[in-house]
Amino acid sequence: MQILNLNYNIGISDVEMVCRLVVYAIDTSDQDNMTIERCGRLPLERVGPLPLLLIPIYDTLETFILITELYASYLTIEDVYSGNVLHPTSNLPTNADGEVVIFTAYAAPKPPSPSILYLGTSSGDFYALDIKSLEWRFVGQRNSVGVAMQYLGPAYHDSGHKDVIVYAGEGADHEVITIDVEQSVPDISVLQSLENRAPLIDAHISRDPLSSLDVLYVCTGQDRYGSVREIRSGVGVEMLSISPPDPEWNGLRFSPLIMTSVTGIWYLPYDEKNKDSFYIVVSFALETRVLSNVDQEIQDVSETCGLVCDKPTVFSGYCGGPPRVLVQVLETQVNLYNTSKGSLTTVALDSIQSFNSSKISHVAMEDAMLIICTSSMDGQWSLNKFYIGAESLEKSDVVVVNQEISFMTIISVSHEQNYLIVGTHRPSICVYNTEDLTCIHEELLVDVSTAGINIPESCAFLEYQSSRFLVVGLRDGTLISYQLDSMIDGTVQLRNASQRPLGSLPVKLVSQNKHSCIAISDHAWYVEQRNKRIVIKPLCILESDYVAAITSLPSEDGYQNYAAVIDQKLCMICLDPREDINMRTIHIGETSRRVLHDRPTNCLIVAYSGVTNSGRQDGLNVIHEGKIVATIKMAEHEIICSMAGWSIQHQTKTYRYICVGVAVHSGTRHEHNARRTPVESGRLLLYRLKRRKREMQYCLSQVWHEDALPAGVLAICPHPHGLLFSTGRTLHLHQLDISTGRLEMVAQEPARSPITLIQVAQERICVGTQMDSMSFYRYDPGNRKLLFLKSDMLMRTVSGAVMPHIGLVIGTERYGGVFGLMEDTNKPASRSLSQAFGFHMPDVALGVQTGALSLMDRLPNDHTLPWDDTGSVRKPILACTLSGSVIVVRRITLETYEFLRTIESRIRQQNCARTLSTIYSPNETVHTLNGDILHLFLRMTISEQQTLVRDEDFGALDLKAYPANPAATYPANSSGIDKVTNVLMNLQYL
């Protein structure tokens, strides 16, 4: 039997420069002697358009559609046999600018669909081609289409059917869509969007000074046109339900004069039998709203709940009963709502006070005990203790306080002992016995005051096993933690105070359980007591960093539920206290190319590219808290190639600049490649990012521009003596004259090939080129020259690099290589760099950075080392890949390396590792272990693991437990499997 194979070969001969279609016949009649024979070819025009797609027709044998850059052709095998070039053709459609569209992928429907083809373009346009008439029809527009599109089948409905198609996005999300071409106006509907993180084309690490961790910003393909992703370690937050946005729910963040801001939020269960029936009471400066969560939807029940809602609420709580009593405290009265009778009892302030008081300022409540803090017009403050009845308040004790009170709350140190914690403007923390309201301890805050404004705003009590802590939030954004000791005589002691800045706004603490609480300032934080110390982790909220108000809800299964006002919405959220890597997407609306984080203003500067009627349009977006606050557009034919931040210290001021490198092309098409435009010159632009404090607006103002550079500026990097940048093969060093605001050239040095990257560590300069790998330079200020030092012996196409310290550079190649080069201190006269390590992976890594995304990187560890021998933080190397992943490279101790190398070699011999062993060849690695292969050990069965581990493998290796408990060690009788698992768990965290 002879089979005519429609697989084809479209090739360009390097000698003849001719494209051909070639058809082969495959004879499989003899299974032992199958043959492949070329039976025909069709030369295409020598100077004709480039062929792009060859599409077989399913319902017609030996026919296919050829799509080129200009037309579509209907071909048969007979045309190829005979060399017929007079086959039916149709010109490709044009877009709104009159340019011919370029198709990137196709989907060929099967019956019952008509004889049509669906084709997509990189701009997101979808077209339908009638196979018989070769007529084009525009269908619609979605995301940019990559190189893959597949027909899944028909979706039937009452009036017919729709075609279901899945396509791969190019720098955008993938989608499953339906297309109905039977309508007069074709319709595209999206069934599902599939997240596409690829490609990650740029990355930037920024250290968060508050959490002591790093945040990774990457340019990713997610969203319709791509976006920027923020990757950080913290506590994950899941949104359970969200109310519609309300502009009045702004909080007191920017202006304390806003009279409609949220002043408090409380959880109020009104049904004793059903814990899911509850109110959320939200107080504003002029009113109160009561909301209820019904079937995962938030509804306003202010008019029907029975509480007073035309005045602001000072405090709200409940007394368990029975009957259950809802307590609402206003400035001049206390409301008691009996849920069983549905009756409201109002107790006026005048009726419960023995002297004239103006208002109620603070309230604390525990079970049926209610303590109210009142203030009078003459500045007198008092504490009033009551017991709550079904429809009345029973007065117990009254204490006059000589200090202005800032907050108060009740903590339970044990099941039998409660204490009232009162914050004063002295400033101090006072501890009262709740039985008779006597002050048993006062802790002055003068020693921890930095500006004399450290007035306490809130506190929380954390207890775990035998360790007790009192954490206090201050008005200036500082969190103080004390160890709390309860004495036999009923007194308490606060000792070992430690402080931690959380922001610039007052810190509000909300407790969920005995060992954790939430702190909100500029950001939201998760505070917990772990191993006799306080651990603080950021809350990774996708919508916004700022939380205006928050209260705890009933929780179960280890998760914690809260109600919070976030980004002008009331949100029901769920927290997973375990530390994890969380991601937040920042929508740009255009394709992001470069990203830079400016720490002084906490803004992202994103270089983007878009499409306009005249072609590509590059620009800069300034993003603050996930929103675009300023935009700068480049001139026509300008492409942003590089970007860097530059800080200059002059006298007592620090000037911060955003440096942008631009390549300027002529706009004319290349002679042999229509998609290339030759670069004619370059520009170097300096911007100042400014903030207008009153309007809270940001703007980028250009302060300097260097025009008519000989080539595009492909790399920029600050240097202690100025600014380094490259134009083609030349390395430049310029200095800024603060008095004139001008950049002046200091030195320049030519290289053998175009310079694509520059890195600086102290005085050492590392330069990466397209062909000569990496070279080290230094600047001689006496002679004002850039001096060549050493270079790599191998030729590498470098795509990214980072210098952890002066003698080491870690780089990536465009063909998947990752390598480390260092100066050999034993050979000071040598002009070559020695290879510290190297390995190859089936991906291209970009955006190489050093960063500690995990809290574990800051804890003691016996298996990893810092890249800088003088440092203490073991930050790993992070690199983003074109496939959308992040790789992590850690430096490990020699003992750990020798131990795990033995385990890896044994795993490679197992059947489960054969595929990975083929991809990651050990012959291409130098001083490197493969984490993907080692991770297979954790997925093996116990019997498989026992064949890999032997007692003599451990030797003198000191194995300690997982870093969450650094002080613990394995018992002497622990199995070897447990010890290997421990080492891998130490190394696999981010």
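Worth saying up front: this structure is predicted, and the values here are computed from it rather than measured.

**Structural notes on the overall build of the protein**
Assigned secondary structure in the protein consists of seven helices and 70 strands. Going through the 990 residues of the protein one by one, you find that 52% of them count as buried. When contacts within the protein are restricted to residue pairs at least 6 apart in sequence, those whose partners lie at least 24 apart make up 48%. Accessible surface, the protein as shown: approximately 46100 Å² in total, 48% of it carbon and sulfur.

**A few points about the sheet that holds strand β25 (residues 333–338)**
If you walk across this open sheet you meet the four strands as β23-β24-β25-β26, and the pairing is antiparallel. Each end of this open sheet is capped by a strand with a single partner; those strands are β23 (315–319) and β26 (343–348). The average undirected angle you get between the axes of adjacent strands in this sheet is 20°.

**Concerning the sheet that holds strand β36 (residues 467–474)**
The strand order across the open sheet built from four strands is β35-β36-β37-β38, with neighbouring strands paired in antiparallel fashion. Looking at strand neighbours, the two that pair on one side only are β35 (456–464) and β38 (492–501), the edges of this open sheet. If you compare each strand with its neighbour and ignore which way they point, the axes differ by 25° on average. Where β36 lies against strand β37 (residues 478–486), five bridges are found, and the strand directions are antiparallel.

**Some points on the confidence of the model for the protein**
A residue-level look at the protein finds 85% of positions with pLDDT of 70 or above and a mean pLDDT of 83. The spread of mean pLDDT over the elements of the protein runs between strand β1 (residues 2–12), the lowest at 40, and strand β55 (residues 722–727), the highest at 96. Ignoring residues within four places in sequence, the model shows residues 669–676, a span with pLDDT below 50, making eight contacts including any to other chains. Within the model, pLDDT remains below 50 along residues 960–973, and this stretch shows 29 contacts once partners closer than five positions in the same chain are excluded.

**Here we look at unusual backbone geometry**
Working note: non-glycine residues mostly have negative phi, and peptide bonds are mostly trans. Here the residue pair A198 and P199 is connected by a cis peptide bond, since its omega of -10° sits within 30 degrees of zero. Looking at the secondary structure, you find P199 in the loop between β15 (187–194) and β16 (202–208). Located in the positive-phi region is S773, a residue other than glycine, with phi close to 60°. Structurally, S773 is set in the loop between β59 (764–769) and β60 (774–780). Accessibility expressed as a relative area gives 1% for S773, which makes it buried. With a phi angle near 55°, R784 is a residue other than glycine that sits in the positive phi range. With respect to the secondary-structure elements, R784 resides in the loop between β60 and β61 (785–792). For R784, a relative accessible area of 44% puts it in the partly exposed group.

**Looking at the environment of D125**
Of note, D125 is situated in strand β10 (residues 125–130). D125 gets classed as buried once you look at its relative accessible area, which sits at 10%. Once residues within four sequence positions are removed from consideration, D125 is found in contact with L119, G120, F138, G140 and Q141. Only 3.0 Å separates the side chain of D125 from the side chain of Q141, close enough to count as a polar contact.

**Focus: the pattern of salt bridges**
Oppositely charged side chains can pair when the atoms bearing their charge come close. Taken as a whole and assessed by the stated rule, the structure comprises 26 salt bridges. A salt bridge links E175 to R142, with the shortest nitrogen-to-oxygen separation between them at 2.6 Å. With E175 in strand β14 (residues 174–180) and R142 in the loop between β11 (136–141) and β12 (145–157), the pair connects residues that are 33 residues apart, well separated along the chain. Residue class for E175 comes out buried when judged on its relative accessible area of 3%. Using a relative accessible area of 21% as the deciding quantity, one classes R142 as partly exposed.

**Observations concerning helix α3 (residues 894–908)**
Compared with an ideal rise of 1.5 Å per residue, which puts 15 residues at 21 Å, α3 spans 21 Å between its outermost C-alpha atoms and is within 8% of the ideal. Those residues of α3 lying buried are T896, Y897, F899, L900, I903, E904, R906, I907 and R908.

**A word on the packing of aromatic side chains**
Aromatic rings in a pair are described by how distant their centres are and how their planes are angled relative to each other. Overall, the coordinates contain ten aromatic pairs when judged by the stated rule. Both rings, one in F103 and one in W136, keep their centres 5.1 Å apart while their planes meet at 10°; by these two values the pair is stacked. Note that F103 is positioned in strand β8 (residues 103–107) and W136 in strand β11, a separation of 33 residues in sequence. Classification of F103 by relative accessible area gives buried; the value is 3%. Here the aromatic rings of Y267 and F278 are separated by 5.4 Å at their centres, their planes lie at 55°, and the arrangement is tilted. Taken as a pair, Y267 in strand β19 (residues 262–269) and F278 in strand β20 (residues 278–284) lie far apart in primary sequence, eleven residues in all.

**Looking at the side chain of T478**
Along the polypeptide, T478 turns up in strand β37. A relative accessible area of 9% means that T478 is categorised as buried. In terms of polar contacts, T478 uses its side chain to reach the side chain of D476, at 3.1 Å. Once residues within four sequence positions are removed from consideration, T478 is found in contact with V472, G473, Q499, R500, P501 and V507.

**Thoughts on the pairing of strand β58 (residues 755–761)**
With six of seven residues buried, β58 lies mostly within the body of the structure. The pairing of β58 with β59 spans six bridges and is antiparallel. In the sheet register, A761 faces β59, and the bridge partner there is R764. Linkage of β58 to β59, two consecutive antiparallel strands, is achieved through a turn of two residues, within which Q762 is found at a positive phi near 55°.

**Some details on empty space enclosed by the protein**
Tallied over the full model, the rule gives five cavities of 30 Å³ or more. Taken together, D208, R232, H523, A524, W525, P538, L539 and D545 form the lining of the largest cavity. Its residues assigned to classes, the lining of the largest cavity comprises four nonpolar, one polar and three charged. What lines the second largest cavity is simply E230, R232, L539, C540, I541, L542, D545, N582, M583 and R584. Among the elements that line the lining of the second largest cavity, the one with the most residues is strand β45 (residues 569–587), at three residues. When the residues that make up the lining of the second largest cavity are grouped by side-chain class, the tally is five nonpolar, one polar and four charged.

**Re the nonpolar core**
If you look at the biggest cluster of nonpolar residues, it comprises 28 residues, and the most contacted ones within it are V290, V334, L370, I388 and L393. For this core, the elements supplying multiple residues, two or more each, are β19, β20, β23, β24 (325–329), β25, β27 (359–366), β28 (369–375) and β29 (381–388). The element best represented in this core is β24, accounting for four residues. Among residues more than four places away in sequence, those in contact with L393 are V334, L336, V347, L370, F386, Y387 and I388. In terms of nonpolar packing, the next biggest core, distinct from the first, is built from 19 residues, A607, A630, M643 and Y698 among them.

**Some points on helix α5 (residues 931–939)**
The set of residues buried in α5 consists of I933, L934, L936 and F937. Mapping the buried residues of α5 onto a view down its axis gives an arc of 135°, with all of them on the same face. Capping of α5 at its N-terminal end is provided by N930; its side-chain oxygen lies 3.0 Å from the backbone amide nitrogen of D932.

**Re the pairing of β16**
Judged by how many residues are buried, β16 sits mostly within the fold: six of seven residues are covered. Between β16 and strand β17 (residues 213–220), which pair antiparallel one after the other, the connecting turn spans four residues, and S212 there sits at a positive phi close to 60°.

Calculation criteria
Residues numbered from 1 in each chain as written. Predicted model: local features only at pLDDT ≥ 70, side-chain atom pairs only at ≥ 80, totals over all residues. Heavy atoms only, no water. Helix = DSSP H or I, 4+ residues; strand = E, 2+ residues; numbered from the N terminus. Buried < 20%, exposed > 50% of the residue type's maximum accessible area, 1.4 Å probe, protein only. Contact = heavy atoms within 4.5 Å. Areas by Shrake-Rupley, 256 points an atom, 1.4 Å probe, with all protein chains shown as cover. Pairing = 2+ DSSP bridges. Axes fitted to C-alpha atoms, helices over the stretch in contact; angles between N-to-C directions. pLDDT = per-residue confidence, 0-100. Polar contact = N/O pair within 3.5 Å; in protein donor to acceptor, adjacent residues only side chain to side chain. Salt bridge = Lys/Arg side-chain N within 4 Å of Asp/Glu carboxyl O. Expected span 1.5 Å × (residues − 1). Phe/Tyr/Trp six-rings, centres within 6.5 Å; stacked < 30°, edge-to-face > 60°. 1 Å grid on protein atoms, 1.4 Å probe; cavity = no way out; pocket = protein on both sides within 12 Å on 5 of 7 lines; lining within 4 Å. Points joined across faces, edges and corners; volume = space filled by probe spheres on them. Nonpolar A, V, L, I, M, F, W, Y, C, P; charged D, E, K, R; others polar. Core = buried A, V, L, I, M, F, W, Y, C linked by side-chain atoms within 4.5 Å. Arc of directions from axis to C-beta.

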